Amino acid sequence: MKKNKKLQHLTEYYALKAVMAFLYLFSMETAKKIGFFLAATAFKFVPIRKKHIISSLTKAFPDKTKEEINKIAKDVYKQFVCTVVEIIFVSKMSDKQLKNFINFENIYLVENALKAGRGAIMLSAHFGNWEMLAISFGKRYPLSVIVAKQENPYFDEMINGIRSNRGYKTIYKENAPIGVLRALKKNEFVAILADQHAGDSGVYVPFFFADVSTPKGPAVFALRAKSPIITSFCVRQPDGRYVATFEEIVVDYSESEEENIKKIMIKYNEILQKYVERYPSYWFWFHRRWRQKGNI
């Protein structure tokens, strides 16, 4: 690592640690209120990808007024800050609190997968609090999550430390082909967030107003291991906790792998879109999701 880069990474890391130490002076609810103020300020004065978010929302919801779109965009910032604060407070929560932080519906789908003995691919997205979803689920069932390495190695070590200490194991993307199939063979669950642009290696399927490159990996792993595919997205409740509902994507093994991959990811995007339409501010609109073919 170059000296200047290392210095930058250390500065970022200790700045984050300082923010965390400051927030720990308050309760989680008070920390969220502080975060909401900062989010509103950022939306107004430091509008990171604000134009992109408003443009995407306008295309996705053509019937909404400009005022409605602006309100959703502002709420996107607030929801993201809320998610970050909750993750920061994970180390202050007991195992029981983490387990009960999310109430799971249709849990029988998970139990059926365990009985079948081939684990399951758990498909989710950057929606609600995806990290707490994994941590809470990991307090009940054996879980590994596919993650990308952070550019900042100190962030990477800290985040993965929180993950492994509080609920689940991680598999880096580059190790996924071996790690995922190994976990499924051991009758474990593997969580994958499949809502980011997958470049030329993805399959183009509909999502709102255009086809988007969607990762093939979740479908490929499930088909090769003959494991079920279960989606789950968590919705914040008035008391600050969440409800997550499981839905299974049924596979017809009489069809070719190529056909099944496309059908699985079409269904995944349909389910995700259903949730985003109901709770638009819960999704991470900062992503550049609608890129043209050939645009990495």
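Remember, it's a predicted structure, so these values are computed and weren't measured experimentally.

Rules behind the numbers
Residues numbered from 1 in each chain as written. Predicted model: local features only at pLDDT ≥ 70, side-chain atom pairs only at ≥ 80, totals over all residues. Heavy atoms only, no water. Helix = DSSP H or I, 4+ residues; strand = E, 2+ residues; numbered from the N terminus. Buried < 20%, exposed > 50% of the residue type's maximum accessible area, 1.4 Å probe, protein only. Polar contact = N/O pair within 3.5 Å; in protein donor to acceptor, adjacent residues only side chain to side chain. Contact = heavy atoms within 4.5 Å. Phe/Tyr/Trp six-rings, centres within 6.5 Å; stacked < 30°, edge-to-face > 60°. Lys NZ or Arg CZ within 6 Å of the ring centre and 35° of its normal. Arc of directions from axis to C-beta. Pairing = 2+ DSSP bridges. Axes fitted to C-alpha atoms, helices over the stretch in contact; angles between N-to-C directions. Salt bridge = Lys/Arg side-chain N within 4 Å of Asp/Glu carboxyl O. Parallel < 35°, antiparallel > 145°, perpendicular 65-115°, else oblique. Left-handed = near helix turned anticlockwise from the far one by under 90°. Nonpolar A, V, L, I, M, F, W, Y, C, P; charged D, E, K, R; others polar.

Draft legend 1. Highlighting the side chain of Asn129. In this structure, Asn129 sits in the loop between strand 2 (120–124) and helix 7 (130–138). Asn129 sits in the buried class, given a relative accessible area of 0%. In this structure the side chain of Asn129 is engaged in a polar contact, spanning 3.4 Å, whose partner is the backbone oxygen of Thr83. Residue contacts for Asn129: discarding those within four places in its chain leaves Thr83, Glu86, Ile87, Cys234 and Tyr242.

Draft legend 2. Unusual backbone geometry, seen in detail. With a phi close to 65°, Asn106 is a non-glycine residue in the positive phi region. Note on placement: Asn106 falls in the loop between strand 1 (102–105) and helix 6 (108–116). Positioned with a positive phi, Phe208 is a non-glycine residue whose angle comes to about 55°. With respect to the helices and strands, Phe208 occurs in the loop between strand 6 (203–207) and strand 7 (210–214).

Draft legend 3. Seen up close, the packing of aromatic side chains. Under the definition given, this model contains 34 aromatic pairs. Centroid distance Tyr24 to Phe89: 5.5 Å. Interplanar angle 85°. Geometry classified as edge-to-face. Linking Tyr24 in the loop between helix 1 (3–23) and helix 2 (28–45) with Phe89 in the loop between helix 4 (66–88) and helix 5 (95–100), this pair joins segments that are 65 residues apart in sequence. When its relative accessible area of 26% is taken as the criterion, Tyr24 is described as partly exposed. Of the aromatic side chains, those joined through ring pairs into one cluster are Phe61, Phe207, Phe208, Phe209, Trp283, Trp285 and Trp290. In this arrangement the basic side chain of Lys50 is found over the ring face of Phe43, its NZ or CZ atom lying 4.2 Å from the centre. One Lys or Arg, Lys78, reaches over the ring of Phe36 and ends 5.2 Å from the middle of that ring.

Draft legend 4. Broad picture of helix 3 (residues 50–60). Looking only at helix 3, the buried set comprises Ile53, Ser56, Leu57 and Ala60. For helix 3, the angular spread of buried residues about the axis comes to 100°, placing them on one side. Tucked into the core, helix 3 has its buried residues touching helix 4.

Draft legend 5. Just the sheet that holds strand 2, in detail. Here we have seven strands laid out as an open sheet, ordered 1-9-8-2-5-3-4, and mixed in their pairing. Strand pairing shows two members of the sheet lacking a second neighbour, strand 1 and strand 4 (169–172), which therefore form its edges. On average, each strand axis in the sheet is tilted by 30° relative to the strand beside it, whichever way the strands run. Pairing analysis gives five bridges linking strand 2 to strand 5 (residues 189–193), with the strands arranged parallel.

Draft legend 6. Just the pattern of salt bridges, in detail. Here the structure, examined in full by the defined rule, presents 14 salt bridges. In this structure, Lys149 and Glu174 form a salt bridge, with 3.9 Å as the shortest nitrogen-oxygen distance. Here Lys149 is found in the loop between strand 3 (143–147) and helix 8 (153–166), whereas its partner Glu174 is found in the loop between strand 4 and helix 9 (176–185), with 25 residues between them in sequence. Between Lys263 and Glu255 there is a salt bridge whose closest N-O contact spans 2.6 Å. Judged by its relative accessible area of 24%, Glu255 is partly exposed. Here the salt bridges share partners, and the residues they tie into one network are Glu29, Lys32, Glu86 and Arg236.

Draft legend 7. How the structure looks around the pairing of strand 5. With respect to burial, strand 5 is a largely interior element, four of its five residues being buried. Across three bridges, strand 3 lies against strand 5 in parallel orientation. Paired with Leu143 across the strands is Phe189, a residue of strand 5.

Draft legend 8. Fine view of the packing of helix 10 (residues 217–225) against helix 11 (residues 257–278). Relative to each other, helix 10 and helix 11 sit at 125°, their axes nearing to 9 Å. Put simply, helix 10 runs oblique to helix 11. The handedness of the crossing between helix 10 and helix 11 comes out as right-handed. For the pair formed by helix 10 and helix 11, the contact residues are Pro218, Ala219, Val220, Leu223 and Arg224 on the first element and Glu257, Asn260, Ile261, Ile264 and Met265 on the second. For the contact of helix 10 with helix 11, the per-class residue count stands at seven nonpolar, one polar and two charged.

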